[in-house]
Structures are given as structure tokens and as C-alpha cells.
Amino acid sequence: MFETYEECVAYLNANRDGKYDDFNSKIVNSTYPTLGVRTPVIKKLAKQADISRRDDILTDFFADTEKTYDVVLFAGCVAARKGDYAATREYLKKLIPLFGSWAHVDCVVPMLDWTDVDTFLADFDYLGTAAGEYEVRTYIIYLMNYCLTADRIDFALDRLQTIEFGKYYVDMAAAWMLAEALVKQYDKTLPLIESKTFPKFVHNKAIQKARESYRIDDSKKALLGTFKRTQ
């Protein structure tokens, strides 16, 4: 059990892997320096951080002026751990603007499966119109993970149409969400493809991802292919 932020940082530094860093740093494209700690190691450390010391650990994290990609991912995983929701909400409101990679978003959001969806969406609705690329991505990935259900699909697709596109990791998240929506709620999502509602990149990338999925049958894939935009 780790009780202090300093212990956690020391553990991360002790688990640096230079060869892995050469490979992974190019993929995560972080705005922070990278240590080369493997994601399972970071997640395991977050689970071993004393939940009763979460406030102290995160307070010291926020005060750290030399953050790394690995430390930010660790803090995100600590903040998202199941516990008191009110505290988690406040941690995330401070931490999400510090995300500096798509991987921060994509690793942390799946950990929020314990939160009440309606409450979370109400508390974090502002992320959909935030200025930060990874803030908006967080909102989209949350919609994708938890709102592509029969009772929420209309809401999710409506909200996606309010997003300001033009940033790469926002556009990629939107395309991913649309592809997943085609898999899970095809009849609800297809009209948005037919009407070419989204920008060309998002539209075509969504079709590509959907057609690559084994969860969509060949006849639907063929139809989707006819909607690819050339302009």
C-alpha cells in the first residue's frame, strides 16, 4: 500500500523502461515528458494507493511542477477509483484539464463505470463545449461508453452534433463513437450518415471504422460504403 505521492512517483521511476518508452511515446503523443512505464503497472499502482490518503496524494500531484505523462495517468486512475462521488467529481474537474494525451482520456473514462450516468452527465456537461481538446474528447468517450443504449442513444447523438470539430483527437473520438453507435444502434445512427451531418473526416472515418468491425454484417457494410464523402 502506497500512502504518499512521493512513494508513488518513486515507484514509477523505478519501473521506467527505455525501450518501451521509445515505442510508446510516439503513440501517446503526450504534451508531457514520458517515463516509459507500462500502463498495467500504472493502473496497478493506482489500485495500491491508499484510498484514505487520496486527497493527500492528489493534492501533492496538483502541486507538482514537473509532471510527466505517466504521473498524470496515475493521478487520473486514482481520481476515478470507486469511492465518494462528490470527491471524485471535484478531483476530475481539476484533473481533466491537465490531460495531455488521448490515452489519459481513454484509460480513465472506462474506470467511471460505477458513476451514475445521469448525474455525471449533468455535472460534466460543460466538457462538451470546453476549449481543451482532451476535455471534449473526455465527454465524447463518456457518451460512447455509457450512452449508446436504447434509452440514451437519442441524447448521445444529439449531443455529438453540438461538438465543435476540427481538432484531431476530438474528430477521432467522434468517428469512433459514431462507428460504435452504428454497431449498437444502427437504425438510429444511419440517418446521420445518410444526411452527411458530420464533417467529411469524421463522417468517412466513422464509416471506415464501422466497415472494419466484425459486429456489422456485410450488407450493412456495403450500404455504408455508398455514403463515403468525396467533398
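Before reading further, recall that the structure is shown in the block above.
The paragraphs below set out a description of the structure included in this document. These numbers come from a predicted model, not from an experiment.

1. Focus on helix H2 (residues 18–28)
Then, in step 1: When we look at burial in H2, the residues that qualify are Tyr20, Asp21, Asn24 and Val28. Angularly, the buried residues of H2 cover 95° about the axis, an arc narrow enough to put them on a single face. Facing away from the buried surface of H2 by more than 90 degrees, the exposed residues are Lys19, Phe23 and Lys26.
Then, in step 2: Turning to H2, the residues buried within the fold contact helix H3 (39–48), helix H5 (69–79) and helix H7 (102–108).
Then, in step 3: For H2, the N-terminal capping position is held by Asp17, with its side-chain oxygen 3.2 Å away from the main-chain nitrogen of Lys19.
Then, in step 4: Phi turns positive, to about 50°, at Asn29, one or two residues after H2.

2. As for the environment of Thr115
Then, in step 1: When you line up the elements, Thr115 lands in the loop between H7 and helix H8 (117–124).
Then, in step 2: A relative accessible area of 7% places Thr115 in the buried class.
Then, in step 3: Among the polar contacts listed, one links the side chain of Thr115 to the side chain of Tyr142, at a separation of 3.2 Å.

3. Brief notes about the layout of surface pockets
Then, in step 1: For the largest pocket, the calculated volume is near 160 Å³.
Then, in step 2: No other element matches helix H11 (residues 168–184), which puts 5 residues into the lining of the largest pocket.
Then, in step 3: Taken together, the residues of the lining of the largest pocket sort by class into 6 nonpolar, no polar and 3 charged.

4. Section: the packing of helix H4 (residues 54–63) against H5
Then, in step 1: At a minimum axis separation of 11 Å, H4 and H5 run at an interaxial angle of 150°. By the angle between their axes, H4 is roughly antiparallel relative to H5. At the point where H4 passes H5, the crossing takes the left-handed sense. Contacts between H4 and H5 involve Arg54, Ile57, Leu58 and Phe61 on the former and, on the latter, Val71, Val72, Phe74, Ala75, Val78 and Ala79.

5. A look at the packing of aromatic side chains
Then, in step 1: Enumeration over the complete set of coordinates arrives at 13 aromatic pairs.
Then, in step 2: Considering the side-chain rings of Tyr85 and Trp114, the 6.4 Å spacing of their centres and the 75° angle between planes classify their relative orientation as edge-to-face. Of this pair, Tyr85 sits in helix H6 (residues 85–95) while Trp114 is found in the loop between H7 and H8, placing the two residues 29 residues apart along the sequence.
Then, in step 3: Taking NZ or CZ as reference, Lys94 lies 4.2 Å from the ring centre of Phe62, over its face.
Then, in step 4: In this arrangement the basic side chain of Lys220 is found over the ring face of Tyr186, its NZ or CZ atom lying 4.5 Å from the centre.

Rules used in this analysis
Residues numbered from 1 in each chain as written. Predicted model: local features only at pLDDT ≥ 70, side-chain atom pairs only at ≥ 80, totals over all residues. Heavy atoms only, no water. Buried < 20%, exposed > 50% of the residue type's maximum accessible area, 1.4 Å probe, protein only. Helix = DSSP H or I, 4+ residues; strand = E, 2+ residues; numbered from the N terminus. Arc of directions from axis to C-beta. Contact = heavy atoms within 4.5 Å. Polar contact = N/O pair within 3.5 Å; in protein donor to acceptor, adjacent residues only side chain to side chain. 1 Å grid on protein atoms, 1.4 Å probe; cavity = no way out; pocket = protein on both sides within 12 Å on 5 of 7 lines; lining within 4 Å. Points joined across faces, edges and corners; volume = space filled by probe spheres on them. Nonpolar A, V, L, I, M, F, W, Y, C, P; charged D, E, K, R; others polar. Axes fitted to C-alpha atoms, helices over the stretch in contact; angles between N-to-C directions. Parallel < 35°, antiparallel > 145°, perpendicular 65-115°, else oblique. Left-handed = near helix turned anticlockwise from the far one by under 90°. Phe/Tyr/Trp six-rings, centres within 6.5 Å; stacked < 30°, edge-to-face > 60°. Lys NZ or Arg CZ within 6 Å of the ring centre and 35° of its normal.

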